[in-house]
Amino acid sequence: MESCAAVEKEVDKVITKFSSINEHSQRVLSDVTTFIEQLRKSIAEGPGDEQLTPGQVELLHTAIANAKDKLQRLTTDHRDLHGTVSKVGKAIDRNFVGDFTATSRNDVFQSERNVVLLNKIMAQHFYRQGMDDVADTLIRESGLPQEEITPEPYAELHRIWEAIHEHNLVPALEWASRYSDELDARHSTLEFKLHRLAFMQILNGGIHAQTEAISYARTNFAKFVKRFEKEIQILMGTLIYLPNGIQNSPYKYLTAPEMWVEAADVFLKDACTLLGINKDSPLSVVVNAGCTALPALLNLKQVMMSRQVTGIWNGRDELPIEIDLDPENRFHSIFACPILRQQSSDDNPPMKLLCGHVISRDALSKLSNGPILNNTFRLKCPYCPMEQCPSDAKLIYF
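Residues numbered from 1 in each chain as written. Predicted model: local features only at pLDDT ≥ 70, side-chain atom pairs only at ≥ 80, totals over all residues. Heavy atoms only, no water.

If you check an unreviewed UniProt entry, the protein appears there as Protein RMD5 homolog A from Culex pipiens. Per UniProt, the protein has the following entry under Subcellular location (unreviewed entry): "Cytoplasm". (UniProt positions renumbered as here; feature names shortened; annotations may be inferred.)

Printed below as a string of structure tokens:
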């Protein structure tokens, strides 16, 4: 944020100076134009066959010299403005890093498996965005097996989401009707909000749409009376203001653009939860997490390069520091062994005992009375009142 503030300060200087020069130049050009126009009219009023008098010639030379002087000053001001604009670019270079290769690993995409994974999540992202033609072209040109990339239901959901933003509720209402029981089981508000928007759309037709609106309400709001009684009463109150128009009533907020955005977001969230798919594509999650981590990684890389310890980072599958991501980007719990006080890893995974307690594999090795063979061991669980835990353990993943 400090970097953004520094650049914004230079941009504000440019805007202020540009506004000042613009006002000054408009005023100067207006004065010069007015003076020359008056001079032209004065000359045009005289006989057409007469030559200019010495006084008129002198006045004309003075006007031309004055115009050239004003133009020269405007050119100088414009040149100074370029200098101020160039400072913005210097501020960007000074406060932001343009080369991110210092935080990347060149060996990551040397593996064919990693390249395939990258192409796969890119294709899935394009399907999620409704860009089926782009995804199909990527699959064809990258040689990915078509059967491994499924468009997912998200392609349909994205089209419905766009339709809601375009004030077209038909696809969304059809989808909500198809999954009505599942939405009710989850106490979702989606179906009611869609019908509320459809009801308000009818009311926008004016007093002539009153009969249609009442019929729609009787048909679709009966199932929501228990959960949304107050909201339905508010909707019925809108009928009083039909002669004057909903936009001139206290209920105009029900047709505000925010209501459509809210309905679209609720649809996307509930639909993804219901169908068991992620709301955000893996590609967008990775990019957002990377953008969050990038400043800290750049600072760390500079420190490591200054101390000539860059080799510590190379060839490792984990970052040398902890990156504090937002809660929405945390998908896995981190298990810390209660005995050794160490976080689990691929080499030291969590192990669940049959008594229900979980410890790390290293702790299991230290507590067991002998070597662990085929997950068979003998130990006394430090947290279990049993004299001896069952001789079995299960590898679990968090």
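In terms of helices and strands, the protein carries 13 helices and 3 strands. Here the protein holds 398 residues, and 31% of them are scored as buried. The long-range share in the protein, meaning contacts at least 24 apart out of those at least 6 apart in sequence, stands at 58%. Carbon and sulfur atoms provide 53% of the accessible area of the protein, an area that totals close to 26200 Å². (Helix = DSSP H or I, 4+ residues; strand = E, 2+ residues; numbered from the N terminus. Buried < 20%, exposed > 50% of the residue type's maximum accessible area, 1.4 Å probe, protein only. Contact = heavy atoms within 4.5 Å. Areas by Shrake-Rupley, 256 points an atom, 1.4 Å probe, with all protein chains shown as cover.)

To continue, consider unusual backbone geometry. Positive phi values are uncommon outside glycine, yet H187 reaches one of about 55 degrees. Mapped onto the fold, H187 is located in the loop between helix 7 (180-185) and helix 8 (190-203). Its relative accessible area of 60% is what places H187 among the exposed residues. With a phi close to 60 degrees, R341 is a non-glycine residue in the positive phi region. Among the structural elements, R341 can be located in the loop between helix 12 (282-306) and strand 1 (350-353).

In terms of nonpolar packing, the biggest core is built from 44 residues, with I164, W175, F199, L203, F221 and F267 touching the most fellow members. With residues near it in sequence (within four places) discarded, W175 still touches E156, L157, I160, L183, L190, F267, A271, L274 and L275. (Core = buried A, V, L, I, M, F, W, Y, C linked by side-chain atoms within 4.5 Å.)

Right, let's get into the environment of H195. Positionally, H195 belongs in helix 8. Between the alpha carbons of H195 and F221 there is a distance of 7.8 Å; along the sequence they are 26 residues apart. Those residues in contact with H195 that sit more than four places away from it in its chain are L173, Y216, N220, F221 and F224.

Turning our eyes to something else, we now look at helix 5 (residues 154-165). Taking 1.5 Å per residue as the helical rise, helix 5 with its 12 residues ought to reach 16 Å, and the 16 Å between its terminal C-alpha atoms agrees with that figure. Burial in helix 5 covers these residues: Y154, A155, L157, H158, I160, A163 and I164. Each element contacted by the buried residues of helix 5 is listed here: helix 3 (112-128), helix 6 (170-178), helix 8 and helix 11 (257-275). Looking one or two places after helix 5, you find H167, whose phi comes out positive at around 65 degrees. (Expected span 1.5 Å × (residues − 1).)

Along helix 4 (residues 132-142), the residues classified as buried are A135, L138 and I139. One face of helix 4 carries all of its buried residues, which in axial projection span an arc of 95 degrees. Away from its buried face by more than 90 degrees, helix 4 exposes D133, R140 and E141. Structurally, helix 4 contributes buried residues whose contacts are with helix 3. (Arc of directions from axis to C-beta.)

Here we take up the side chain of S360. For S360, the location among the structural elements is in strand 2 (residues 358-360). Setting aside residues no more than four positions away along its own chain, S360 makes contact with F335, C337, L340, N348, P349, P350 and M351.

This part covers the packing of aromatic side chains. Counted according to the given criterion, the structure contains 9 aromatic pairs. For the pair Y216 and F221, a centre-to-centre distance of 6.5 Å together with 85 degrees between the ring planes defines the contact as edge-to-face. A relative accessible area of 18% places Y216 in the buried class. For F221, a relative accessible area of 2% gives the class buried. Geometrically, the ring pair formed by Y241 and Y251 is edge-to-face, given 5.7 Å between the ring centres and 65 degrees between the ring planes. Taken together, the residues Y241 in the loop between helix 10 (229-237) and helix 11 and Y251 in the loop between helix 10 and helix 11 connect sequence positions 10 residues apart. Since its relative accessible area comes to 30%, Y241 is described here as partly exposed. (Phe/Tyr/Trp six-rings, centres within 6.5 Å; stacked < 30°, edge-to-face > 60°.)

To continue, consider the packing of helix 1 (residues 2-45) against helix 2 (residues 54-95). In the contact formed by helix 1 and helix 2, the axes pass within 10 Å of each other and the chain directions differ by 170 degrees. Taken together, the axes of helix 1 and helix 2 lie roughly antiparallel to each other. Its residues assigned to classes, the contact of helix 1 with helix 2 comprises 21 nonpolar, 5 polar and 7 charged. (Axes fitted to C-alpha atoms, helices over the stretch in contact; angles between N-to-C directions. Parallel < 35°, antiparallel > 145°, perpendicular 65-115°, else oblique. Nonpolar A, V, L, I, M, F, W, Y, C, P; charged D, E, K, R; others polar.)

In the case of a regular strand, side chains alternate between the two sheet surfaces. In this structure, strand 1 lies alongside strand 2, joined through 3 bridges in antiparallel fashion. Counted as the bridge partner of M351 is I359 from strand 2. Connecting strand 1 to the next strand, strand 2, in antiparallel fashion are 4 residues, including G356 with a positive phi near 105 degrees. (Pairing = 2+ DSSP bridges.)

Here the structure, examined in full by the defined rule, presents 7 salt bridges. Between R73 and D69 there is a salt bridge, with its nearest N and O atoms 3.4 Å apart. Separated by 4 residues within a single helix, R73 and D69 lie in helix 2, roughly one turn from each other. Assessed through its relative accessible area of 34%, D69 is described here as partly exposed. Put simply, E191 and K223 hold a salt bridge, and the shortest N to O gap is 3.4 Å. Separated by 32 residues along the polypeptide, E191 in helix 8 and K223 in the loop between helix 9 (210-220) and helix 10 bring together distant segments of the chain. Given the relative accessible area of 8%, E191 is considered buried. Through salt bridges with shared partners, one network takes in D184, E191 and K223. (Salt bridge = Lys/Arg side-chain N within 4 Å of Asp/Glu carboxyl O.)

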